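Next come the chains, spelled out residue by residue.
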Amino acid sequence: RTTNMSKVLQDSPFWPGKSGKNSSSIVELKHTLDHDNHETREAYRQIGLNDQLYVPRYNISLKEERDLAYDRLKKLGDKGLVSIYDFEKNPLRIFASHEMSGVIDASMATKMTVQFNLFGGTVLKLGTEQHRHILEGVDSLKLVGCFALTELGYGNNAVEMETRAVYLPETDEIEITTPSTLAQKYWITNSAVHAHYAVVFAQLEVNQQQEGVHVILVRIRDDNGTPMKGVTIQDMGHKFGCNGVDNGKLWFDKVRVPRKNLLNRYSDIKPGSNGKMEFSSTIRSRRGRFLKVADQLLSGRLCIASMTLGGLKLAMTIAIHYSYSRYTVGPSGKRCGFSS
């Protein structure tokens, strides 16, 4: 027997016009499935449906794909649909933005999670008042950042990374160095083209003592897009998908930054009782310090799950719509519509 899908749907309690104590309208069902931040989600739907910038485009160059992902994300920020300050005011809005972006453009969504969660969120949560000026450019993308954690030789064992950050008391600076090929920062989203800053994870050394992995804010490009002195950036080029994402490799050759660029909410370098600059931390173990500085990866997993949920909803919608036009073979052996 061929199933009449139209009748099945019309018999559902969620079909518009149904009444009864267990029934609901499609609008009510959408409201339930959206869960939170309904106005923001609807704004994403409207911009995705009505703004020509978000119309899917195919067979375009790598540069055009990257520019498109950037322009789309910038417009969302300019319209206030996503903000770094959502982490403080309304964290669920961050995840809602990722879910809706996963419906619109996977490359844009990937750049979003690096800009707002991994880069901006790390500065927000690990930095102090002296770093908040950096956040002012995040929403508008006037300041684009990247998250320089993974190294070629150190993926899921990042706590053993090689990149070094040595405090120089004579100049009150921190010197960042990539000591080997395996220590290059690898597959870093936003770094190949758009990023001005990186939050660089490195083994911190103070007074010849190893203090574990910490995060230092490093400028990697000037306002003209030229790599800063001592910074080498290599574009990783075409990939199988998400080519709107500009992945890159980073090397640092004795790059110096002010001591204040250390994100110092939990660990700091400051004058001790004898006036000498000393390291201090509220976290005793080096492994504990790594887990704290990498904490933004936890919300990152929620962001990625939200993006995937958005993509899954889109895939299900396409599949269900296609099923209505897909022909099948009926009881008589003749071709007929799926819903006939």
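For the structure itself, look to the data block above.
To start, this report covers the structure provided alongside it. (Residues numbered from 1 in each chain as written. Predicted model: local features only at pLDDT ≥ 70, side-chain atom pairs only at ≥ 80, totals over all residues. Heavy atoms only, no water.)

## As for the layout of surface pockets
And step 1. Approximately 730 Å³ is the volume found for the second largest pocket.
And step 2. By residue number, the principal contributor to the lining of the second largest pocket is helix H10 (residues 296–325), which donates six residues.
And step 3. Here the residues of the lining of the second largest pocket sort into 18 nonpolar, ten polar and four charged. (1 Å grid on protein atoms, 1.4 Å probe; cavity = no way out; pocket = protein on both sides within 12 Å on 5 of 7 lines; lining within 4 Å. Points joined across faces, edges and corners; volume = space filled by probe spheres on them. Helix = DSSP H or I, 4+ residues; strand = E, 2+ residues; numbered from the N terminus. Nonpolar A, V, L, I, M, F, W, Y, C, P; charged D, E, K, R; others polar.)

## Let's talk about unusual backbone geometry
Note on backbone geometry: most residues besides glycine have negative phi, and most peptide bonds are trans.
And step 1. Positive phi, normally seen in glycine, also occurs at leucine 141, with a value near 65°.
And step 2. Inspection of the secondary structure puts leucine 141 in the loop between helix H8 (132–135) and strand S1 (145–148).

## Observations concerning the packing of aromatic side chains
And step 1. Here the structure, examined in full by the defined rule, presents two aromatic pairs.
And step 2. Consider the rings of tyrosine 186 and tryptophan 187, whose centres lie 6.4 Å apart with planes at 35°: the pair is tilted.
And step 3. When its relative accessible area of 45% is taken as the criterion, tryptophan 187 is described as partly exposed.
And step 4. Lysine 292 extends its terminal NZ or CZ atom over the ring of tyrosine 266, reaching a point 5.1 Å from the ring centre. (Phe/Tyr/Trp six-rings, centres within 6.5 Å; stacked < 30°, edge-to-face > 60°. Buried < 20%, exposed > 50% of the residue type's maximum accessible area, 1.4 Å probe, protein only. Lys NZ or Arg CZ within 6 Å of the ring centre and 35° of its normal.)

## Description of the sheet that holds strand S8 (residues 247–252)
And step 1. Taking strand neighbours across the sheet as the criterion, the three strands line up as S4-S8-S7 in an open arrangement whose pairing is antiparallel. Among the strands making up the open sheet, the edge pair consists of strand S4 (185–189) and strand S7 (231–235). When the angles between neighbouring strand axes are averaged without regard to direction, this sheet yields 35°. (Pairing = 2+ DSSP bridges. Axes fitted to C-alpha atoms, helices over the stretch in contact; angles between N-to-C directions.)

## Let's talk about the pattern of salt bridges
And step 1. All told, the structure shown has 20 salt bridges when counted by the stated rule.
And step 2. One salt bridge in this structure joins lysine 185 and glutamate 151, with 3.0 Å as the shortest N-O distance. Here glutamate 151 lies in the loop between S1 and strand S2 (164–168) and lysine 185 lies in strand S4, a separation of 34 residues in the sequence. For the pair shown, lysine 185 and glutamate 151 are each scored as buried. (Salt bridge = Lys/Arg side-chain N within 4 Å of Asp/Glu carboxyl O.)

## Thoughts on empty space enclosed by the protein
And step 1. Here the structure, examined in full by the defined rule, presents one cavity of 30 Å³ or more.
And step 2. Considered as a void within the structure, the largest cavity measures approximately 80 Å³ in volume.
And step 3. Taken together, Leu126, His214, Val215, Leu263, Arg265, Tyr266, Ser267, Ile283, Arg289, Lys292 and Val293 make up the lining of the largest cavity.
And step 4. With three residues, helix H9 (residues 286–293) is the single largest residue contributor to the lining of the largest cavity.
And step 5. Of the residues in the lining of the largest cavity, the class split is six nonpolar, two polar and three charged.

## Notes on H10
And step 1. The end-to-end C-alpha separation of H10 is 45 Å, in line with the 44 Å expected for 30 residues at 1.5 Å each.
And step 2. The set of residues buried in H10 consists of Gln296, Ser299, Gly300, Cys303, Ser306, Met307 and Gly310.
And step 3. In this structure, the buried side of H10 is in contact with helix H5 (86–89), helix H6 (91–104) and helix H7 (106–126). (Expected span 1.5 Å × (residues − 1). Contact = heavy atoms within 4.5 Å.)

## Details of a nonpolar patch on the surface
And step 1. Taken together, Leu309, Leu312, Met316, Ile320 and Tyr324 make up a surface patch of nonpolar side chains, about 450 Å² in accessible area.
And step 2. Assignment of secondary structure puts leucine 312 in helix H10.
And step 3. On the accessibility criterion, leucine 312 (46% relative accessible area) is partly exposed. (Patch = residues over 30% accessible without salt bridge, like charges linked within 9 Å, V, L, I, M, F, W, Y side chains within 5 Å. Areas by Shrake-Rupley, 256 points an atom, 1.4 Å probe, with all protein chains shown as cover.)

## Quick notes on the environment of lysine 142
And step 1. Structurally, the position occupied by lysine 142 is in the loop between H8 and S1.
And step 2. A relative accessible area of 68% means that lysine 142 is categorised as exposed.
And step 3. Note: C-alpha distance between lysine 142 and lysine 74 (68 residues apart in sequence) is 8.9 Å.
And step 4. Setting aside anything within four residues of it in sequence, one finds lysine 142 in contact with Gly137 and His196.

## Brief notes about the environment of proline 227
And step 1. Among the structural elements, proline 227 can be located in the loop between strand S6 (209–219) and S7.
And step 2. Remark: the alpha-carbon pair of proline 227 and lysine 254, spanning 27 residues in sequence, is separated by 14 Å.
And step 3. Leaving out residues up to four positions away in the same chain, proline 227 has contacts with Ile220, Arg221 and Ile233.

## Considerations on the state of the cysteines
Note: disulfide means a covalent bond formed between the sulfur atoms of two cysteine side chains.
And step 1. If you walk through the whole model with that rule in mind, you get zero disulfides.
And step 2. This cysteine, cysteine 146, is not joined by any disulfide, and cysteine 303 carries the nearest cysteine sulfur, 17 Å off.
And step 3. In this model cysteine 242 remains outside any disulfide bridge; the closest cysteine sulfur is found in cysteine 303, 15 Å from its own. (Disulfide = S-S within 2.5 Å.)

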